[in-house]
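Inside the fold
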Amino acid sequence: MLHIHSLVRGHALLPSIQFRRLFFSTGASATSSVATASPDPNFLVEYLMNACGFSADDASKVSKSFPRFRSAEKADAVLGFLRSQGIDGANLRKIISWKPGFLCRDVENSLAPKFKILRDMGLSESDIANAVLRHPILLYLDAQNALLPRLKVWESLFGSREILLRNLQSYNRFMSTSIENVVRPNLNFLRDECGIPEDRVSRVIKRHPGFIVQNPESLRALVDRAEGIGIPRESKMFLWILDVLHGVSREKFEVQVKLLHSFGWSNSDFTAAFKKRPAFLWHSTEVLQRKMEFFIKDVEIKPSEIANHPIVLAFSLEKRLIPRFQLMKILKSEGLWTSNIKLHNFFSSPDPKFLQSFVLPYKDKLPELAEVKGNNPNCKFI
């Protein structure tokens, strides 16, 4: 066995016929042995270790889920093809571990056409390797009858090939989902029963493909949750609220509501804020608590004002809120702060407008304004 290790070290694989003779021969010819004998599990383990670099333990685990492995020739060809496409080492082992039967695929008729489709779409070799690692299903769908049609559907849903290719580089699992059994029923439900047209749903899908690939029953449950909070299906924010609820478990939702109640929000305050800017619930409980403490204790904004203008909860404490608050204190100390300035506008005003209104008019009189930037190198308003 040590002799075999030395022969295959460094990916120098034994010719397939020699593998068959070593591991499948039962006294008959190698050919008949391959055709009739069950695979020797030791051969599979050795092959995975020496050809792919698996550890002994991992190779043993993978070999147990292997199909009837009758020939090393196809496996050799698959490994060679993937390595030629920039997939090797740990990435190669990841793909094999996901579905070991992949090693039995036909390169010319099964694998190569899929890589060609992805190349023709505009992906580079490194982009394709990255997409395959994030969506191994790309290697298993039939090229013309499944992969290409599915890519075309998603290109339509995303609204452009550029957005499709960008999402192929991410870890979301939209490519693994059935269009007919999941995506299309969800789109039909949102259109026919919730009154939300597909083009509006597309805006959510571009950012969060996972929203539309959830189980149809789960989507119906989200609609029930939204209506239970008091959001009618006719609301312009209904779809965005569904998107937020999709990323917030019931448990987290209840914790966030309890936290906001502790800061003085009533149920109507919460509903009003949630209707206007539901994404604040995506914050961790710790971040949400820090922001509420900052506005109420430091800035002295009333809880009801925050509820009426929940956009202020969207901004970074370190990059925007704290630096602007420091600037506000400087303006107050110099008597340059007027009571008619709306606090929520002060914090939510876009950077160019903020500079024009609160920084540029005073930069010569108040050089300490520059210190705010110096003390907060990531702030954006100076």
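Here is a short report on the structure shown in this document.

Thresholds applied
- Residues numbered from 1 in each chain as written.
- Predicted model: local features only at pLDDT ≥ 70, side-chain atom pairs only at ≥ 80, totals over all residues.
- Heavy atoms only, no water.
- 1 Å grid on protein atoms, 1.4 Å probe; cavity = no way out; pocket = protein on both sides within 12 Å on 5 of 7 lines; lining within 4 Å.
- Points joined across faces, edges and corners; volume = space filled by probe spheres on them.
- Helix = DSSP H or I, 4+ residues; strand = E, 2+ residues; numbered from the N terminus.
- Nonpolar A, V, L, I, M, F, W, Y, C, P; charged D, E, K, R; others polar.
- Axes fitted to C-alpha atoms, helices over the stretch in contact; angles between N-to-C directions.
- Parallel < 35°, antiparallel > 145°, perpendicular 65-115°, else oblique.
- Left-handed = near helix turned anticlockwise from the far one by under 90°.
- Contact = heavy atoms within 4.5 Å.
- Salt bridge = Lys/Arg side-chain N within 4 Å of Asp/Glu carboxyl O.
- Buried < 20%, exposed > 50% of the residue type's maximum accessible area, 1.4 Å probe, protein only.

Looking at the largest pocket, its volume works out to about 160 Å³. Along its surface, the largest pocket is lined by K94, W98, L133, R134, H135, P136, I137, Y171, R173 and S176. When residues of the lining of the largest pocket are traced back to their parent elements, those giving at least two are helix 7 (89–98) and helix 9 (125–134). The residue makeup of the lining of the largest pocket, split by class, is 5 nonpolar, 2 polar and 3 charged.

Further remarks concern the packing of helix 13 (residues 198–207) against helix 15 (residues 238–246). In the contact formed by helix 13 and helix 15, the axes pass within 10 Å of each other and the chain directions differ by 30°. The angle between helix 13 and helix 15 places the two elements in the roughly parallel class. Classified by chirality, the crossing of helix 15 by helix 13 is right-handed. Every residue of helix 15 that contacts helix 13 at R200, V201, R203, V204 and R207 is listed here: L239, W240 and D243. Tallied by class, residues from the contact of helix 13 with helix 15 come to 4 nonpolar, no polar and 4 charged.

A few words on the pattern of salt bridges. Enumeration according to the criterion identifies 10 salt bridges in this entry. Among the ionic pairs, E155 bridges to R161, the shortest N-O distance being 3.4 Å. The partly exposed category is assigned to E155, whose relative accessible area is 23%. Classification of R161 by relative accessible area gives partly exposed; the value is 35%. The shortest N-O distance in the salt bridge between R320 and D351 comes to 3.4 Å. Note that R320 is positioned in helix 20 (residues 317–333) and D351 in helix 22 (residues 351–359), a separation of 31 residues in sequence. Owing to a relative accessible area of 15%, R320 belongs among the buried residues under this scheme. One salt-bridge network, in which partners are shared between bridges, spans R320, R324 and D351.

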